[in-house]
Amino acid sequence: MLKNSKRSYGWVAIIMHWLTAMMVFALFGLGYWMLTLGYYDAWYRLGPWWHKSFGMTLLLLTIVRLIWKLTQPRPTAIGKTFEQVGAKLGHALIYALLFITMISGYLISTADGRGISVFDWFEVPALITSIPQQEDIAGQVHWYAALSLVIIAIGHGLAGLRHHFIHKDETLKRMLRPLKD
Amino acid sequence: MKKLLLATIMSATFLAAAPVQAEDYVIDTDGAHAFVQFKVSHLGYSWLLGRFNDFEGTFSYDEANPSAAKVNVTIDVASLDSNHAERDKHLRSADFFNVGKYPQAKFESTSYTANGDGTGVLKGNFTLHGTTKPISIDVTEIGAGQDPWGGFRRGFEGAVTITPADFGMDYDLGPASETVEIYLSIEGIRK
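Residues numbered from 1 in each chain as written. Chains lettered and ligands numbered in written order. Predicted model: local features only at pLDDT ≥ 70, side-chain atom pairs only at ≥ 80, totals over all residues. Heavy atoms only, no water.

- In the nomenclature of an unreviewed UniProt entry, chain B corresponds to Polyisoprenoid-binding protein YceI from the organism Pseudidiomarina maritima.

Here you go:
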């Protein structure tokens, strides 16, 4: 039940998937909102602190998730060939955008050599600091990658609903709870 | 040979003693003997210091006629550096300098009034954030003379307090932070 089967995802993959979904949308909303705050708002400093802490957490989760995905059986793709190819490309794009968004975000905050505090618990050190105009370029990349990610994630969700309500297949169900073989 | 030596010494003496005529100087940004810094209150409790790393400029100065002095400086605003990448990114954004739209700040002098005690007032037009306003910089003449490598240098320092809101930069940093002091330390190499 924890591991994937040919028919369904297991609990580990399912939980990591929905944690990612929640964090992506929460981080996007928080990131967008915190930029509108004034200097005297209580969340002016708290917003970025949560955003960076959860962002680094999601980066770690995504690495674990990708390793898990690559070492687990892959549930058989459902749908016509073009749907299967489209889904595969979409999933690859989501993973790519997840990494681009999180790495660019990391490069903004670490551009001057400061590490990123994760819940004041530990610090992710700065590794790359010498790209010219690093925080500005990384900032642009971060925004466009995050925006693309959210749009594609919405499309991904709509595709899941289409499978469930129109094609009435198991695509969405097997990402909600493990189905028995 | 003696004559030649004498002539050389005399001309060298004469040159050294000659009054300095209207001279054009290039601000020594290559050797980084010039600084454009800003200082703004943080909440009223302390000072935040920053600087612009990239700028260039020239000035002319005639000791016999200081009021003819002229200064031109162009600042690459995106080169601002407050020693914190996240803050610098915010300062470059549309909340503050909006460097994408207004990449340059400029100062062009219109007059210089020497007070006769080594200080003076340099007036000119300062363009920042796409807005041009007259400003008056309080100047102190630091010194001038030969440098050890065959050149001639002259330096000044200056300070002026500006109100960013006057230039359309009205992000609210609190009542203590409505003005910014700009401090300039400028060394020119004579052309």
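That covers the picture; the talk isn't over yet.
Looking at the environment of Ala111(A)
All names here are of chain A.
So, point 1. Mapped onto the secondary structure, Ala-111 falls in the loop between helix 3 (81-109) and strand 1 (116-118).
So, point 2. Among the residues examined, Ala-111 registers a relative accessible area of 10% and is labelled buried.
So, point 3. Residues Ala-111 and Ser-130, spaced 19 residues apart in sequence, show a C-alpha to C-alpha distance of 7.4 Å. (Helix = DSSP H or I, 4+ residues; strand = E, 2+ residues; numbered from the N terminus. Buried < 20%, exposed > 50% of the residue type's maximum accessible area, 1.4 Å probe, protein only.)

Quick look at the interface of chain A and chain B
Bring the parts together and some accessible area is lost; that lost area is often taken as the interface size.
So, point 1. With 14 residues of chain A at the contact, the number on the chain B side is 15 residues.
So, point 2. At the junction of chain A and chain B, the tally comes to 3 salt bridges.
So, point 3. Here Asp136(A) makes a salt bridge to Arg92(B), at a shortest N to O gap of 2.7 Å.
So, point 4. Here chain A and chain B share 11 residue pairs in polar contact (both at pLDDT 80 or more) between them.
So, point 5. Within the residue set of the side of chain A that touches chain B, elements represented by two or more residues are helix 2 (43-71), helix 3 and helix 4 (134-165) of chain A.
So, point 6. With 3 residues, the single largest contributor to the side of chain A that touches chain B is helix 4 of chain A.
So, point 7. Residues of the side of chain A that touches chain B, tallied by class, amount to 6 nonpolar, 3 polar and 5 charged. (Contact = heavy atoms within 4.5 Å. Salt bridge = Lys/Arg side-chain N within 4 Å of Asp/Glu carboxyl O. Polar contact = N/O pair within 3.5 Å; in protein donor to acceptor, adjacent residues only side chain to side chain. Nonpolar A, V, L, I, M, F, W, Y, C, P; charged D, E, K, R; others polar.)

What to know about the pairing of strand 7 (residues 104-114) of chain B
Residue and element names in this part refer to chain B.
So, point 1. Sheet analysis places strand 5 (residues 70-76) next to strand 7, joined by 5 bridges and oriented antiparallel. Looking at strand 7, one finds that Ile-75 is bridged to Ala-105.
So, point 2. Strand direction decides the pairing type here: strand 7 and strand 8 (residues 119-128), joined by 8 bridges, are antiparallel. Bridging from a neighbouring strand, Lys-106 pairs with Thr-127 of strand 8.
So, point 3. Where strand 7 hands over to strand 8, the hairpin turn is made up of 4 residues, of which Gly-116 adopts a positive phi near 90°. (Pairing = 2+ DSSP bridges.)

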